[in-house]
Amino acid sequence: MPHKLQFHVVHASGEDDVHKAGDLNHHGPLAKGWQSSRFCLYPQDIVVSLEHVSRIRKIQILSHQYLIPTKIEFFVGDVPEGTPMMLENARYTRLGYVSLSDNEKTGYKARELKSVHVDAVGRYLRLNIHKNHINKHNLYNQVGIVAINVIGDEVRKPGEFNDPDLFIDVNDNRAIDRDPVLEGYFNKPDYISPLDDLAFDMYQDPEIAQIIRKLERKKQEAVLQERYDYAKRLKVAIQELQKVGEKLGKMEVEKRQAVENEDYDKAKVKKLQMDEYRLQVYKDLNVHDLLESTGTRHSVTVDFDSYRQPTPPRLVEIERTPPPPVSHSPTPRMPYDERPLPAMKKPAPVAEEEPEPDLSQEPEPMTEVDLREASSAIDVFGYPLVSKAYSKTWSYREDALLAVHKQMQDMPPGKDDARSTMRAAVFLVKRGIDDKVYAVFKAALNLLRMIMTEYVPTHRIHKQETSTAVERVMPNLFHKSGDTASRNRDDAKKFVLDMAEFPEVKPTQSVPHECVKPIKLNMAPRLAQSRAEILELLYKDLGLNNGLTLDNMMGFCTVALQHNAGEVREVTERIIKQLYRDVGAPVKNFLPPDDEKTRKNTLWRMLFEYFDKVDGKPSKTDLKEAGKEEPKQSKKKAEPKKNPPKQKRDDDEVSTFNTDKICIFCGERNEAFNEEGLDMHYWKSCPMLKRCANCKQVVEIATYTDHLLTECEAKSNFGKCPRCTEAIPRADLDQHIADKTCNPAKSNMSHCPLCHENVSSGEDGWKDHLMTRDGCKQNPRRLITLNKQPAAGGKAPARQPASKIAKPTKAGGKTPR
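Please read all numbers here as calculations on a predicted model, not as lab measurements.

> Would you explain the pattern of salt bridges in this entry?
Two side chains that carry opposite charge are able to pair once their charged atoms sit near each other. Throughout the structure, instances matching the rule amount to 31 salt bridges. K20 is the partner of E15 in a salt bridge, and the nearest nitrogen-oxygen pair spans 3.8 Å. Its relative accessible area of 39% is what places K20 among the partly exposed residues. Beyond isolated ion pairs, a larger network of salt bridges with shared partners links K4, D201 and R213.

> Please clarify how the packing of aromatic side chains should be interpreted in this entry.
For any two aromatic rings, the description comes down to two numbers: the centre-to-centre distance and the angle of the planes. For the coordinates displayed, the defined rule picks out six aromatic pairs. The interplanar angle of 90 degrees and the centroid separation of 5.7 Å between the aromatic rings of F39 and Y140 together place this pair among those described as edge-to-face. Of the two residues, F39 is situated in the loop between β3 (34-35) and β4 (44-63) and Y140 in the loop between β7 (113-129) and β8 (144-154); the sequence distance between them amounts to 101 residues. Taking the relative accessible area as the measure of exposure, F39 reaches 54% and is therefore exposed. With a centroid separation of 5.8 Å and 80 degrees between ring planes, the pair formed by F608 and F611 is classed as edge-to-face. In this pair, F608 and F611 are both assigned in helix α20 (residues 602-615), three residues apart and thus about one turn of the helix distant. The rings of Y580, F608 and F611 are connected pair by pair, giving a single aromatic cluster. The positively charged end of K247 is found above the aromatic ring belonging to Y277, 4.9 Å away from the centroid. In this arrangement the basic side chain of K577 is found over the ring face of Y610, its NZ or CZ atom lying 5.0 Å from the centre.

> I tried to follow the nonpolar core on my own but got confused; where do I start?
Soluble globular proteins: nonpolar side chains tend toward being buried together. M499 and V511 are the most contacted members of the largest nonpolar core, which totals 90 residues. Of all the elements, helix α12 (residues 438-458) adds the most residues to this core, at 13 residues. If we skip the residues at most four places from it in the chain, V511 touches V470, M474, V496, M499, A500, V505 and L538. One finds A21, W34, I68 and V143 within the second-largest nonpolar core, a separate group that totals 29 residues.

Scoring rules and cut-offs
Per-chain numbering applies: the sequence of each chain, read as written, is numbered from 1 onward. The predicted nature of this model means local features are confined to residues of pLDDT at least 70 and side-chain atom pairs, given and counted, to a pLDDT of 80 or more, with totals for whole chains, interfaces and linings taken over all residues. The basis for every side-chain value is the complete set of non-hydrogen atoms in the structure, without hydrogens or water. We define a salt bridge as a contact between a side-chain nitrogen of Lys or Arg and a carboxyl oxygen of Asp or Glu at a distance within 4 Å. Only protein chains enter the accessibility calculation, which uses a 1.4 Å probe; a residue whose area is less than 20% of its type maximum is buried, one above 50% is exposed, and one in between is partly exposed. Classification of ring pairs rests on two measures: the distance between centres of Phe, Tyr or Trp rings, Trp counted by its six-membered ring, which must be within 6.5 Å, and the angle between planes, read as stacked under 30 degrees, edge-to-face over 60 and tilted in between. Under the DSSP-based scheme used, a helix requires at least four consecutive residues in state H or I and a strand at least two consecutive residues in state E, with every element numbered from the N terminus. Placement of a positive charge over a ring is assigned whenever Lys NZ or Arg CZ falls within 6 Å of the ring centre and within 35 degrees of the normal to the ring plane. Buried Ala, Val, Leu, Ile, Met, Phe, Trp, Tyr and Cys residues form a nonpolar core when they are joined through side-chain atoms within 4.5 Å. Note on contacts: a residue pair is in contact if any heavy atoms of the two residues lie within 4.5 Å.

Encoded structure:
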């Protein structure tokens, strides 16, 4: 019968000065356990040595309340026959791992007890402890384990036994004490006594715990001897002692705390209370007489079905339960999880290989909808396996993918059903990629990698079949690349890039073709950003080759540039800039014409100025600044001509057109518009401009939203509303979006940041809105324009190209005081 195995720690990769690894050798309320050294490297290793080679059936780990590792891996090891029994000679087999909660919900006060069922033989147990969860209490990035418990049976060779009171279990060659109590449980060899559970020792006074174990043995013997009255008395005494033991354990902790605080008076009082309480309980329960009472031992096998507890199933996720049923105390205990390891192995010689999944358990039945959906997979892999893939228990789902992985690896080449097997496997892979549990997601990726790198060439799968499989899984990978968990996003993106280079996949060009498909403008920002990042990385790996062309890449980019999220546009701009560095002018064929109207848009202006920089040309901004300084220089030499000849604009974007006396934004002509007069007009009265309340620059109203989001010194204080597309202070953005009271922007129109109305696109639309009598009611400069005498014919002169004068955004600087 499995029982608590004695062990001692023989290796630790590091330890805290106060919390040594050796403390794990003892269980009790005062156990402090092991803690890693401060700012240690991960993973950390702990190795414990059992007294004998044993068949390990259950491992329990009690974690620290806030020094919590994210994951613990388990390995069982033994020394090959004929080799000295030394730790250095041990060879290990990986059993699996458990993940631990970050404990945020409990306020970092409860300690998590993980109980996992295994079935492995060895002398050593190694724990590979991964990095810690981050929290405010864990100042030095440590991990801690309060206690370890190992339950199993010693394994010995039949020839080693000379004791007549021992016999051999012919099923697994285990030596069993010829004890009537053990014989009573022999028909249920997996039974584990609650008294061997780690929670029992960690919360019981050690002296009371030993008395309870003795009384439990007396009770079992009394039942065998049919002394039921005595057994009943023992049962009542055990129940009461369990309460007493927990209370004494709590008092012992309080006494230790008083000692550490140097409050020796309190410690003395607590000790006296404990001694008196212990003696009174022993007297009331007549423990002395109960321990002296014995019955005649005999070897008759008795049916103990009414006293045995059911063995929990292995390889399934067991519900979170209270501590073992031996306790009836109202004192709250820590919750613990009986969730087993994701990967188990049946008893086998120690070998350095991954354990095989155990698919002997039956999951819940599939629904009719699931049966119809998975019919083709059931035809190939059978109902038992596919039902695990659809199970609500994540370990079943992982086991199903591992089983498919092994089955396909072992499948001999040349079978007629190779293609149908691959299709069924891809169907299960798609479900696994979408799984919320990371272990299942990773198993799906590993299966897909094996299919594409091993299964396809081994079974000579046709190129078209491979391409179809890639196209089927790509949407799932894209969706995972936008997951909220960073490791899911990173793994999905990395796998897409890796798959593009697989020897059997690269010739199909399927991955690049899927990656350049344009995104939808209403796609979630994180997902759209990941799509753009994947294309960016893919281009760095492949260049314009193997499925990536300038046409399909720019087709993706021109759509992505219209996405509402600035993060998406930022990545897309990087792609376009890299393309221009590599290809040059052909990139411009996919963009709007490079003219002043286009450059009014901040995004296009920045791109085209970057292109000018790559080409070695001065930017339009440089030309404007130079044009502004030129009149100052000319005045020193000679007066400018009154009627300078107009020059037709040519390709070098240089013009000598005299822009004096006219505002290039509103079209107003005024004799007072010399350099200083224009500046004053821009600052005070031009109806097409406004001063930014944050940085005090003068900007066009038509581009004010873009200015706040991308140019303004205070741009970090603003975010974009996806509904109205306006720049909203970040402090108010969430409430603004939640209220849904803003005026939605229309795709084919502009949006006024003053009155929040939709405006006809183009220059004329903005002028009508900002300058006419029926225009924007929130533009105070509009009234100034209306009160002025209109030009001859009642129309303002045509607006001149902005390239012929410095923009007010750069001309004014701060508002004069």
